[in-house]
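Observations on the three-dimensional arrangement
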Amino acid sequence: MSLAYDDLIQPYIVKQVSKQVAYCRCTRTKNPPFCDGSHVVTKITPYILEFESPKTIAICACWKSKNHPYCDGTHGRLVKPKERPAAKSVE
Ligand code: FES
């Protein structure tokens, strides 16, 4: 199945109010982008992001960011153009 533009992956925009928040690194979470403890069956640990004051951040949703858990815009390069329907022949 080819992707269409309305399949565009968008990052999670999170207003982190709590000083420390755990973000999933294992991809198993049922509550992305937050860690829900599903990683315990792996050796992976979550990202802990800590801010002194509330901060709005873009968290990667495509898992391809080179600066995970932060979005680096890679998602924008993951979408293929929508396949155009075959041109109808005019007799
Ligand atoms: S659930 Fe993925 S790191 Fe915790």
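Just above, that's the structure.
Read on for an overview of the structure. If you're wondering where the values come from, they're calculated on a predicted model, not measured in any experiment. Within any chain, residue numbers begin from 1 and follow the written order of that chain's sequence. Residues qualify for local features only when their pLDDT is at least 70, as the model is predicted, and side-chain atom pairs are given and counted only at 80 or more; totals for whole chains, interfaces and linings, by contrast, use all residues. The side-chain figures draw on all heavy atoms in the structure; neither hydrogens nor water molecules are used.

**Focus on the overall build of the chain**
- Summing up its helical and strand segments, the chain has zero helices and four strands in all.
- Along the chain direction, N to C, the helices and strands of the chain fall in the order β-β-β-β.
- For every residue, the accessible area (1.4 Å probe, protein chains only) is compared with the maximum for its type, and the residue is labelled buried under 20%, exposed over 50%, or partly exposed between those bounds. The 91 residues of the chain split such that 29% are buried.
- In this analysis, two residues are considered to be in contact whenever any of their non-hydrogen atoms come within 4.5 Å of each other. The contacts in the chain between residues at least 6 apart in sequence include a share of 53% that link residues at least 24 apart.
- Using the Shrake-Rupley algorithm and a 1.4 Å probe, accessible areas are obtained, with residue cover drawn only from the displayed protein chains. For the chain, the exposed surface amounts to about 6,800 Å²; the carbon and sulfur share of it is 53%. The helix count covers DSSP runs of H or I at least four residues long, the strand count covers runs of E at least two residues long, and both are numbered beginning at the N terminus.

**Some words on the packing of aromatic side chains**
- For Phe, Tyr and Trp, rings pair up if their centres lie within 6.5 Å, where Trp contributes its six-membered ring, and each pair is then called stacked (planes under 30 degrees apart), edge-to-face (over 60) or tilted (otherwise). Taken as a whole and judged by the stated rule, the model has one aromatic pair.
- The rule for a charge over a ring is simple: NZ of Lys or CZ of Arg within 6 Å of the ring centre, and within 35 degrees of the ring normal. When the ring centre of Tyr 47 is taken as origin, the NZ or CZ atom of Arg 25, which lies over that ring, is 4.0 Å away.

**Comments concerning the pattern of salt bridges**
- When a carboxyl oxygen of Asp or Glu is within 4 Å of a side-chain nitrogen of Lys or Arg, the pair counts as a salt bridge. In the structure shown here, the tally under the stated rule is one salt bridge.
- With a closest N to O distance of 3.7 Å, Lys 19 and Glu 52 form a salt bridge. Linking Lys 19 in the loop between strand E1 (12-16) and strand E2 (20-23) with Glu 52 in the loop between strand E3 (47-50) and strand E4 (55-59), this pair joins segments that are 33 residues apart in sequence.

**Overview of the pairing of E2**
- With burial as the criterion, only one face of E2 is covered, namely that bearing Val 21 and Tyr 23; the residues Gln 20 and Ala 22 on the opposite face remain uncovered.
- Pairing between strands is defined by DSSP: at least two bridges between them are needed. Relative to E3, E2 is paired through four bridges, and the arrangement is antiparallel. Looking at E3, one finds that Val 21 is bridged to Leu 49.

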